[in-house]
Amino acid sequence: MADKKDIDEISGVETTGHEWDGIKELNNPLPRWWLWTFYGCIAWSLAYTVFYPAWPGITDATAGVLGWSSRAQLADEMTELQAERAVYLDRIASIDVTEISADPDLVQFATAGGASTFKVYCVQCHGSGAQGGPGYPNLNDDAWIWGGTVEDIYTTIMHGARYETDEDTRISDMPAFGRDEILERDDIVDVAWYVRKLSGQEHDEEAAARGETVYVDNCAVCHGDAGEGDPELGAPNLSDAIWLYGGTHADIVAQVSSPRQGVMPAWGDRLGESTVKQLAVYVHGLGGGQ
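Values in this document were obtained by computation on a predicted structure and should not be read as measured data.

Colleague: Kindly report on the overall build of the protein, identifying the contributing residues and their values.
Modeller: Summing up its helical and strand segments, the protein has 11 helices and two strands in all. Order of helices (α) and strands (β) in the protein, N terminus to C terminus: β-β-α-α-α-α-α-α-α-α-α-α-α. The globule rule puts the C-alpha radius of gyration for 290 residues at 19 Å, and the 36 Å found for the protein is more than 25% above it. With the C-alpha coordinates of the protein rotated into their principal frame, the extents come out at 125 × 55 × 40 Å. Scored against the burial criterion, the 290 residues of the protein give a buried share of 31%.

Colleague: Outline the UniProt feature "domain: Cytochrome c" (unreviewed entry) in the protein, listing residues and values.
Modeller: Within the UniProt annotation, "domain: Cytochrome c" (unreviewed entry) is assigned to residues 109-199 and 206-287. Between the C-alpha atoms that bound residues 109-199 there is a distance of 40 Å. The span itself is 45% helix and 0% strand. As a span, residues 206-287 carries 51% helix and 0% strand, and end to end its C-alpha atoms are 39 Å apart.

Colleague: Explain helix 5 (residues 150-159) residue by residue, including any values.
Modeller: V150, I153, Y154, T156, I157 and M158 are the residues of helix 5 that are buried. Where the residues of helix 5 are buried, they touch helix 10 (268-271) and helix 11 (273-284). Where helix 5 ends, the next residue or the one after it, G160, has phi of about 75 degrees, a positive value.

Colleague: Explain the pairing of strand 1 (residues 15-20) to me, using residue names and the numbers behind them.
Modeller: Where strand 1 and strand 2 (residues 23-26) come together, three bridges link them in antiparallel fashion. Directly across from W20, in strand 2, lies its bridge partner I23. Hairpin connection, strand 1 to strand 2: the antiparallel pair is bridged by two residues, and D21 has positive phi, about 55 degrees.

Colleague: Tell me about the environment of G229, residues and numbers included.
Modeller: Structurally, the position occupied by G229 is in the loop between helix 8 (220-223) and helix 9 (249-257). Exposure remark for G229: the relative accessible area of 15% places this residue in the buried category. Remark: the alpha-carbon pair of G229 and I145, spanning 84 residues in sequence, is separated by 8.1 Å. Setting aside residues up to four positions removed in sequence, G229 forms contacts with C222, H223, A235, P236 and N237.

Colleague: Residue-level account of the nonpolar core, with values.
Modeller: One finds V97, I100, F118, I157, A280 and V283 to be the most contacted residues of the largest nonpolar core, which totals 25 residues. Every element with two or more residues in this core is listed here: helix 3 (104-121), helix 5 and helix 11. In terms of residue count, the dominant contributor to this core is helix 11 (six residues). In contact with V97, not counting residues within four places along its chain, are V150, E151, Y154, K277, A280 and V281.

Colleague: Quick rundown of the UniProt feature "transmembrane region" (unreviewed entry) in the protein? Include the residues and the values.
Modeller: Taking the numbering used here, the UniProt-annotated feature "transmembrane region" (unreviewed entry) corresponds to residues 33-55. In this annotation, residues 33-55 is assigned 83% helix and 0% strand; the end-to-end C-alpha distance for the span is 29 Å.

Colleague: Before we move on, can you summarise the side chain of K277 with the specific residues and values?
Modeller: One can find K277 in helix 11. The residues contacting K277, other than those within four sequence positions of it, are I92, A93, I95, V97, I100 and Y154.

Colleague: Describe unusual backbone geometry, naming the residues involved and giving the relevant values.
Modeller: Unusually for a residue other than glycine, R162 sits at a positive phi of about 55 degrees. Mapped onto the secondary structure, R162 falls in the loop between helix 5 and helix 6 (185-198). You will see that E181, though not glycine, has its phi angle at about 55 degrees, which is positive. Structurally, E181 can be placed in the loop between helix 5 and helix 6.

Colleague: Residue-level account of the packing of aromatic side chains, with values.
Modeller: Given two aromatic rings, their pairing is described by the distance between the two centres and the angle made by the two planes. For the structure shown, the criterion picks out 10 aromatic pairs. Aromatic side chains W34 and F38 sit 5.6 Å apart centroid to centroid with 15 degrees between the ring planes, which places their arrangement in the stacked category. Residue W34 and its partner F38 are both found in helix 1 (residues 32-51); the two are separated by four residues, about one turn of the helix. F38 gets classed as partly exposed once you look at its relative accessible area, which sits at 39%. Three or more aromatic residues joined by ring pairs make a cluster, and in this case those are W34, W36, F38 and Y39.

Colleague: Residue-level account of the side chain of R196, with values.
Modeller: Relative to the elements of secondary structure, R196 occurs in helix 6. Here R196 sits buried without a salt bridge, and the closest side chain of opposite charge, E202, lies 5.4 Å off (N-O distance). In this structure R196 touches Q201, E202, H203, G247, T248, H249 and I252, once residues within four positions along its chain are discounted.

Colleague: How would you sum up the environment of K24? Please name residues and give values.
Modeller: You can see K24 is positioned in strand 2. For K24, a relative accessible area of 37% corresponds to the partly exposed category. In this structure, the C-alpha to C-alpha distance between K24 and Q201, residues 177 residues apart in sequence, is 87 Å. If sequence neighbours within four positions are ignored, K24 has contacts with D6, T15, H18 and E19.

Rules of the game
- Residues numbered from 1 in each chain as written.
- Predicted model: local features only at pLDDT ≥ 70, side-chain atom pairs only at ≥ 80, totals over all residues.
- Heavy atoms only, no water.
- Helix = DSSP H or I, 4+ residues; strand = E, 2+ residues; numbered from the N terminus.
- Rg over C-alpha atoms; globule rule 2.2 N^0.38 Å.
- Buried < 20%, exposed > 50% of the residue type's maximum accessible area, 1.4 Å probe, protein only.
- UniProt positions renumbered as here; feature names shortened; annotations may be inferred.
- Contact = heavy atoms within 4.5 Å.
- Pairing = 2+ DSSP bridges.
- Core = buried A, V, L, I, M, F, W, Y, C linked by side-chain atoms within 4.5 Å.
- Phe/Tyr/Trp six-rings, centres within 6.5 Å; stacked < 30°, edge-to-face > 60°.
- Lys, Arg positive; Asp, Glu negative; His and termini not counted.
- Salt bridge = Lys/Arg side-chain N within 4 Å of Asp/Glu carboxyl O.

Structure follows, in structure tokens:
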């Protein structure tokens with residue numbers, strides 16, 4: 001006579017007959033659809049190992065009858081991408097940087113390429129948002145030491161500033177009026193007060209009056225009579241509120257006495273002309289370009 005089935009009193013489900021410490025195992029088979037899906041996955045995985053790389057070996061893996069590889073696919077995609085990019089790069093290379101703005105497609109391509117280049121080569125000094133910092137110019141504002149047209153920016157990036165190995169680099173050397181004993185200490189203190197007056201900051205009126213004479217005799221030739229600066233000479237504007245090395249009286253005294261001369265690399269040889277043009281278009285489009 002067949003054994004009587006053991007039915008769980010609470011659930012009414014047949015048990016497997018297994019019991020552990022009073023706990024019985026219910027005999028609940030998996031749904032048929034789940035089982036067939038599982039078997040289908042097994043069959044698919046076996047077929048996959050035949051057609052595609054799958055089984056690892058000592059030095060390599062099975063290639064699969066289709067001969068497909070992710071490396072080959074990537075190489076094909078990169079080749080296709082390079083071909084698409086070459087169309088734009090050739091056009092950028094063949095025209096002046098000032099002509100790029102006339103073609104919206106080129107502007108979009110150059111801006112995207114310039115943004116990528118900026119994140120790799122420029123953020124270390126100018127910041128991730130191009131906001132700059134002490135000694136490193138903010139590229140978002142409209143104050144440009146060497147000019148803010150796209151052509152000016154291109155030249156600055158291409159040849160750098162005070163970069164000795166590039167014969168076309170931007171050069172502006174401010175005399176060390178204190179270190180080289182060109183001016184007396186009192187004259188430097190007075191002219192610093194006058195520079196603060198030019199920029200509308202609090203100042204010692206009596207000292208600034210004396211400093212005006214010192215400024216006219218020694219500083220106006222580069223920075224202008226009203227401190228407006230001169231991009232042709234790389235002379236900063238002293239009448240605004242933007243200060244590369246600080247605008248306190250002590251900061252100005254220190255800069256006049258022993259000026260810090262910032263150096264920017266010449267990127268032309270390293271990045272190439274097309275990439276520099278893209279970078280110039282991107283920087284010019286940040287909001288402060290002239």
